[in-house]
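Reading the structure
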Amino acid sequence: MEAEKDCINQEKITIGVCVMEKKAFSAPMLQILERLQGFGEFKILYFGDKVIVEDPIESWPACDCLIGFYSTGYPLERAEAYAALRKPFSVNELESQHLLHDRRKVYERLELCGIPVPRYALVNREYPYQELDYFVEEEDFVEVHGNRFWKPFVEKPVEGDNHSVMIYYPSSAGGGMNALFRKVGNRSSEFHPEIRRVRREGSYIYEEFLPTGGTDVKVYTVGPEYAHAEARKSPVVDGVVMRNPDGKEVRYPVLLTPAEKQIARDVCIAFKQAVCGFDLLRCEGRSYVCDVNGWSFVKNSYKYYDDAACVLRKIILDEKAPHLSTTIPPILPWMVNKAVQPSEGLPRHGSGIIGNFGQSEELRCVIAIIRHGDRTPKQKVKLKVTEEKLLNLMLKYNGGRPRAETKLKSAVQLQDLLDATRTLVPRARTGRESDSEAEDIEHAEKLRQVKAVLEEGGHFSGIYRKVQLKPLKWGQVTKSNGEVEERPTEALMVLKYGGVLTHAGRKQADELGRYFRNNMYPGEGTGLLRLHSTYRHDLKIYSSDEGRVQMSAAAFAKGLLDLEGPLTPILVSLVSKDSSMLDGLENASIEMDEAKARLNEIITSEAKIVHDSLSEEPWMTDGAGLTPKASELLPKLVKLTKKVTEQVRLLASDEDDKLAETSLYNVICPYDQATALGKTNIDVDRIAAGLPCGSEGFLLMFARWRKLERDLYNERKDRFDITQIPDVYDSCKYDLLHNAHLNLEGLDELFKVAQLLADGVIPNEYGINPRQKLKIGSKIARRLLGKMLIDLRNTREEAIGVTELKSIQDQNSETPPRAAKEDTDHHFKSHGTMEGMRRSSFNSDKSVDQEDDDGKETKYRLDPKYANVKTPERHVRTRLYFTSESHIHSVMNVLRYCNLDESLQGEPSLVCDSALERLYRTKELDYMSYIVLRMFEDTEVALEDPKRFRIEMTFSRGADLSPFERKNSKASTLCQDHTLPIMGPERLQDLRSYLTLEMMEKMVRPFAMPAEDFPPPSIPHGFTGYFSKNSAVLERLVNLWPFHKHGSNAVKKSSKQSTKNKAEEIPKK
């Protein structure tokens, strides 16, 4: 043994550090090289900048092993010539580093080796602004060689050293562009709402934007058998760099999945770079490589420095001194004085809302169903059109099919419609002999309204205006060549607009997100942010298809995660649309029509309220909550509505004259972010000028009130339409809050009358009695309820799995420690071990949450060995569902009345009696109302005990405060700001009540979509390469790597086994 040490001392292996001094003497490099030197087997030789840049390569010092990699100013060709001359062993091959300077070659090599990349296409230009016949740019997509990329998409310069990456957003999300760049101060991106067109001055890669939940993963390899990964906040979210007190970017080590470990190995081999960093995008359960950086080290991780030194030692000894033992000493030479990194944890907290259940409880899951924020009134214009220009427009956008309807939503389509309407409005008013007829006058007025709507705000946003053209009549037309063809002669035009999130709605959503951050999670405000940043917070946000709901979700996410900047990048990065779960009332349309008919009968005929035979509770009656004098209030409602409408008509008359003078050829700008997303603040200048708040003009305001007046009461038939009561109430509340400065006489009195009626009508539209409410609620929210149960069930299984794994680890920790060579740390892994892990991961039972692919979510975890966190096993799942009023009512009705179902007779309600009484008195679930389910795990209760998991239910009435109320100074200030405060949460259970997950499932399951009915997961469209990897590709990967000459046969054998396993991993369709 002593003789071997003497031999090593006499013949140390010389490691030549042939890199620029800035890199050679960086902290991570020095940490690792000092550790290598500490083994006593190596001599470190620094070349220095002068030698590398100026001296002839023949005079460069000789070395056995060369560390050389490109950085700014580095003469790569000179280093290659030196390596060819001296032939040292290169840790990172120099010739392959040329690939890293061209993103086209990087992607080509990745695809060649079967490594998954986002779907992409190349646009190569020989000179700036060269027009290419294969490249097409439209409003919301680019097309390259017929390959279409819808916004959002990513645009990257082909030059690897050019970090000016841009992301373009769709008009439906407000449009604009996000410019990504290398960190400057605390910024890493900048949003430009006015930029819509792509760059044309160079060559670019266009690739599909993959939503990653706001997190990027950086992977660092040291040889093909070691990979370390860290997560950071993605620059695409808000561009603000999270930094620690020392000014370093905050990153947290995370565990790689078996598939990601294979990717790391493949990247290392494909580019022949032992020390290599690359970027991973995790999207929908898959991982993609989007950039390869070459030589990269982790910063500020002593554990990583230890590992890297040990791995590099083995790589170098295997190549230059294979006769020497590579066993790692029991005590590493530098461990004596190793610095200890501080750690911080999170305290345990119980509910805080329903009782105090002790310090043994851990929050495991938060599920919230949230209504959107304050919006402008929703509007609809219907008119039959026979004008040739409009019929031709319909044919233009429906492919020339005479019987097919078409929808116009994009800026280009709406501009075409506006151009046509502008030419028709004057003719409708002055050019017809029949203008004196009532129908023609009404037609002309509706065309003027369409024109005004399209011109509203001076910009198109695409998110809140849409037109439907549906053919009604057809005729035969003889063409010039004698052929007869069918053409539409009349069509129904339906223009929907309004319902835009206001500046108040955006503020409400942001504030509620902040409230959730500070009150729904333990840690007094910082708890959630730390959980989220350390990959221990599994967050998913879902939204319906409505723009106001999407933007409410984005604004909420901004407050929840303490983000900054515009909503568009946040929306695209963090919010997923699911219209099938959160939109639509079609499933319950028959029952809702029956409820409205019965409601109309009760109100108009003053029918007696019938009590349920089984209960005398007031909420068990037909039409519970209706005011006893509803029929007497209806005429007063009509009279006051006419009074307000007439005042608005006078205000609109002057504006009407100005609009008539508008040029026929004014082009509307295609986008306006403020209009699309909802104003961020009050337009003081408009209010000071006596104009309506927001972008609504007097003409549209008059159209809104006139439609209400006409629809509310039919004078000829002497018939009231009670379904218009909620719309009258909606308009009253909106104008009292946002247009109080117009001083409309009688508006306050109208609001009080409308509120009395609406308080009874709105809840009863979703069922006239509890049993009907339960039936309608289960039909509307069936899918959402099923998803909620899946969320809870998956959280329980995940928590049990973590507990069982921790128990096994605790048992193993009691056994004697094995040699470091046999360390099972996930970073040090044999290929065979990896394959076994992959088999166990992919062949295990899949989670029932197939839509979420939640069976694979649990593998994205904090790395406990490298994380400076006390409770790495802690994990919280959050699911946020943003929707409309109908789904809030539906879920609430199922929760409180589920025990009325025949299959659950005898069971008590999930909602306690006092909460049922409060809900009966709660007439409206207003803007930003919410229902929250939180699940806690009592870690001191046995796993098999049903009381291990407890459900807590709360709700909020939302912004349920009258514009007249001035209860405190805060409410008064908020009203002046056009923003009503959101009411705090209220209990749905008695204090100290205990609702187990088992009971929750039993009561809700009959009304929820079964887990097996959810669609199975599918491979994302942009996923390429990985599942098509075959043995030939793996063989090519192995041949690229020069360090395994002693184990090539074993590697080939392992590669074939890997191919077999990969075939087994492909999910069945």
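Notes on the structure in this doc start here. Numbering of residues starts from 1 in each chain and follows the order in which that chain's sequence is written. The model is predicted, so local features are restricted to residues of pLDDT at least 70 and side-chain atom pairs to those at 80 or more, both for listing and for counting; the totals for chains, interfaces and linings are taken over all residues. Computation of side-chain values: all heavy atoms of the structure, hydrogens and water removed.

**A short note on the overall build of the protein chain**
The helix and strand inventory of the protein chain stands at 32 helices and 32 strands. Under the scheme applied here, a residue whose accessible area is under 20% of the maximum for its type counts as buried, over 50% as exposed, and between as partly exposed, the area being computed with a 1.4 Å probe on protein chains only. In the protein chain, which comprises 1069 residues, the share counted as buried stands at 58%. Taking as baseline every contact in the protein chain between residues at least 6 positions apart, the subset at least 24 positions apart corresponds to 76%. A total accessible area of about 45900 Å² is found for the protein chain, and carbon and sulfur atoms account for 49% of it. Elements are defined by DSSP. Helices are runs of H or I of four residues or more, strands are runs of E of two residues or more, and each kind is numbered from the N terminus. For this analysis, residues touch if any pair of their heavy atoms sits within 4.5 Å. Accessible surface is estimated by sampling points in the Shrake-Rupley manner with a 1.4 Å probe; for residues, cover comes only from the protein chains shown.

**Description of helix H14 (residues 547–560)**
Each residue after the first adds 1.5 Å to the expected span of a helix. Taking 1.5 Å of rise per residue, 14 residues should cover 20 Å, and H14 covers 20 Å from first to last C-alpha, within 8% of that figure. Of all 14 residues in H14, 14 are buried, a share of seventy percent or more. In the stretch just after H14, Asp562 is the one whose phi turns positive, near 60°.

**Some words on the sheet that holds strand E23 (residues 484–498)**
Strand pairing in a sheet is mediated by backbone hydrogen bonds. Such pairs are either parallel or antiparallel. Strands are labelled as partners when DSSP assigns at least two bridges between them. Taken in spatial order, the 4 strands make up an open sheet running E20-E23-E22-E21, and their pairing is antiparallel. Whereas interior strands pair on both sides, the edge strands pair on one side only; in this sheet they are strand E20 (378–385) and strand E21 (406–408). Sheet twist, expressed as the mean angle between neighbouring strand axes with direction ignored, is 25°. As defined by bridge partners, E21 adjoins strand E22 (residues 466–478) across 3 bridges and the pair is classed as antiparallel. Across the sheet, Thr406 pairs through a bridge with Leu469, a residue of E22. Note on definitions: angles span 0 to 180 degrees between N-to-C directions of axes, and those axes are lines fitted to C-alpha atoms, for helices only across the stretch in contact. Across the sheet, helix H9 (residues 388–397) lies against E20, E21, E22 and E23, angled at about 90° from E23, the strand it touches most.

**Details of the packing of aromatic side chains**
Between 30 and 60 degrees the pair is tilted, below 30 it is stacked and above 60 it is edge-to-face, where a pair is any two Phe, Tyr or Trp rings, Trp via its six-membered ring, whose centres lie within 6.5 Å. For the coordinates displayed, the defined rule picks out 23 aromatic pairs. Both rings, one in Phe516 and one in Phe556, keep their centres 5.1 Å apart while their planes meet at 75°; by these two values the pair is edge-to-face. Pair noted here: Phe516 is in helix H12 (residues 503–519) and Phe556 is in helix H14, with a separation of 40 residues, a long-range link. For Phe556, a relative accessible area of 0% corresponds to the buried category. Among the aromatic residues, ring-to-ring pairing joins Phe69, Tyr226, Trp295, Phe297, Tyr302, Tyr304 and Tyr305 into one connected group. Above the plane of the ring of Tyr994 lies Lys947, whose end atom (NZ or CZ) is 5.5 Å from the centre. Note on criteria: charge over ring means Lys NZ or Arg CZ within 6 Å of the ring centre, with the direction from the centre no more than 35 degrees off the ring normal.

**Points about the pattern of salt bridges**
The working definition used for a salt bridge is a side-chain nitrogen of Lys or Arg within 4 Å of a carboxyl oxygen of Asp or Glu. Inspection of the entire model under this criterion finds 66 salt bridges. The shortest N-O distance in the salt bridge between Glu137 and Arg200 comes to 2.6 Å. Within this pair, whereas Glu137 is found in strand E6 (residues 135–137), its partner Arg200 is found in the loop between strand E12 (187–192) and strand E13 (204–208), the two being separated by 63 residues in sequence. As a salt-bridge pair, Lys156 and Glu207 come within 3.3 Å of each other at their nearest N and O atoms. Here Lys156 is found in strand E9 (residues 153–157), whereas its partner Glu207 is found in strand E13, with 51 residues between them in sequence. Owing to a relative accessible area of 7%, Lys156 belongs among the buried residues under this scheme. What makes Glu207 buried here is its relative accessible area of 2%. Ionic contacts of the salt-bridge type, sharing partners, join the residues Lys183, Asp216, Arg232, Glu249 and Arg251 into one network.

**A word on the sheet that holds strand E4 (residues 89–90)**
The sheet built from 4 strands is open, its strands ordered E2-E1-E3-E4 with parallel pairing. Two strands lie at the open edges of the sheet, namely strand E2 (42–46) and E4, each paired on one side alone. In terms of strand pairing, strand E1 (residues 13–17) meets E2 through 5 bridges, oriented parallel. Residue pairing across strands places Thr14 opposite Lys43, the latter belonging to E2.

**A closer look at the pairing of E12**
Judged from the 5 bridges that link them, strand E11 (residues 177–184) and E12 form a sheet pairing that is antiparallel. Across the sheet, Asn178 pairs through a bridge with Phe191, a residue of E12. The hairpin turn running from E11 into E12, its antiparallel successor, is 2 residues long, and Gly185 in that turn takes a positive phi close to 65°.

**Considering empty space enclosed by the protein**
Detection works on a 1 Å grid of protein atoms alone, calling trapped sets that fit a 1.4 Å probe cavities and calling open sets with protein on both sides within 12 Å along at least five of seven lines pockets, with lining residues defined by an atom within 4 Å of a point. Grid points are joined across faces, edges and corners, and a volume is the space filled by probe spheres set on the points. Tallied over the full model, the rule gives 6 cavities of 30 Å³ or more. The wall of the second largest cavity is formed by 18 residues, among which Pro763, Arg896, Leu919, Tyr920 and Thr922 lie closest to the centre. Within the residue set of the lining of the second largest cavity, elements represented by two or more residues are helix H23 (747–764), helix H27 (885–897) and helix H28 (913–921). Tallying contributions element by element places H27 first for the lining of the second largest cavity, with 5 residues. Lys, Arg, Asp and Glu make up the charged group, whereas Ala, Val, Leu, Ile, Met, Phe, Trp, Tyr, Cys and Pro make up the nonpolar group; the residues left over, Gly among them, are polar. Considered class by class, the residues forming the lining of the second largest cavity number 8 nonpolar, 5 polar and 5 charged.

**A word on the environment of Glu77**
With respect to the secondary-structure elements, Glu77 resides in helix H5 (residues 76–86). Under the relative-accessibility criterion, Glu77 is labelled exposed at 54%. With 17 residues separating them in the primary sequence, Glu77 and Leu94 have C-alpha atoms 8.6 Å apart.

**Focus on a positive patch on the surface**
Residues forming no salt bridge and having over 30% relative accessible area are the ones grouped into patches, like charges within 9 Å of each other and nonpolar side chains (Val, Leu, Ile, Met, Phe, Trp, Tyr) within 5 Å. Counted as positive: Lys and Arg. Counted as negative: Asp and Glu, with His and the chain ends omitted from the count. In this description, the location of a charge corresponds to atom NZ of lysine, CZ of arginine, CG of aspartate or CD of glutamate. A cluster of basic side chains, namely Lys22, Lys23, Arg182, Arg243, Lys248 and Lys299, defines a positive patch on the protein surface. Among the residues examined, Lys22 registers a relative accessible area of 74% and is labelled exposed.

**A few points about the nonpolar core**
To form a nonpolar core, buried Ala, Val, Leu, Ile, Met, Phe, Trp, Tyr and Cys residues must be joined to one another through side-chain atoms within 4.5 Å. Met953 and Met1000 are the most contacted members of the largest nonpolar core, which has 49 residues in total. Where this core is concerned, the elements lending two or more residues are strand E19 (361–371), helix H16 (579–582), helix H25 (782–813), H27, H28, strand E29 (930–938), strand E30 (949–956) and helix H30 (997–1004). Looking at this core, the element that brings in the most residues is H25, giving 7 residues. Judged by nonpolar contacts, the second largest core, of 46 residues, contains Leu512, Met520, Ala557 and Leu563.

**So, H23**
When the terminal C-alpha atoms of H23 are compared, their 25 Å separation across 18 residues agrees well with the 26 Å that a helix rising 1.5 Å per residue should span. Remark: the principal bend of H23, roughly 35°, maps to Ala758. Counting buried positions over the 18 residues of H23 gives 13, a clear majority of the element. Note that bend, as reported per residue, equals the angle between axes fitted to the 7 residues terminating at that residue and the 7 residues originating from it.

**Considerations on the packing of helix H17 (residues 589–605) against helix H24 (residues 770–780)**
The interhelical angle for the contact between H17 and H24, taken along N-to-C directions, is 145°, at an axis separation of 9 Å. For the pair H17 and H24, the sense of crossing is left-handed. Between H17, through Glu591, Met592, Glu594 and Ala595, and H24, the contact on the second element is made entirely by Gln772, Lys775, Ile776, Lys779 and Ile780. Considered class by class, the residues forming the contact of H17 with H24 number 4 nonpolar, 1 polar and 4 charged. For a crossing to be left-handed, the near helix must be turned anticlockwise from the far one by less than a right angle; the clockwise case is right-handed.

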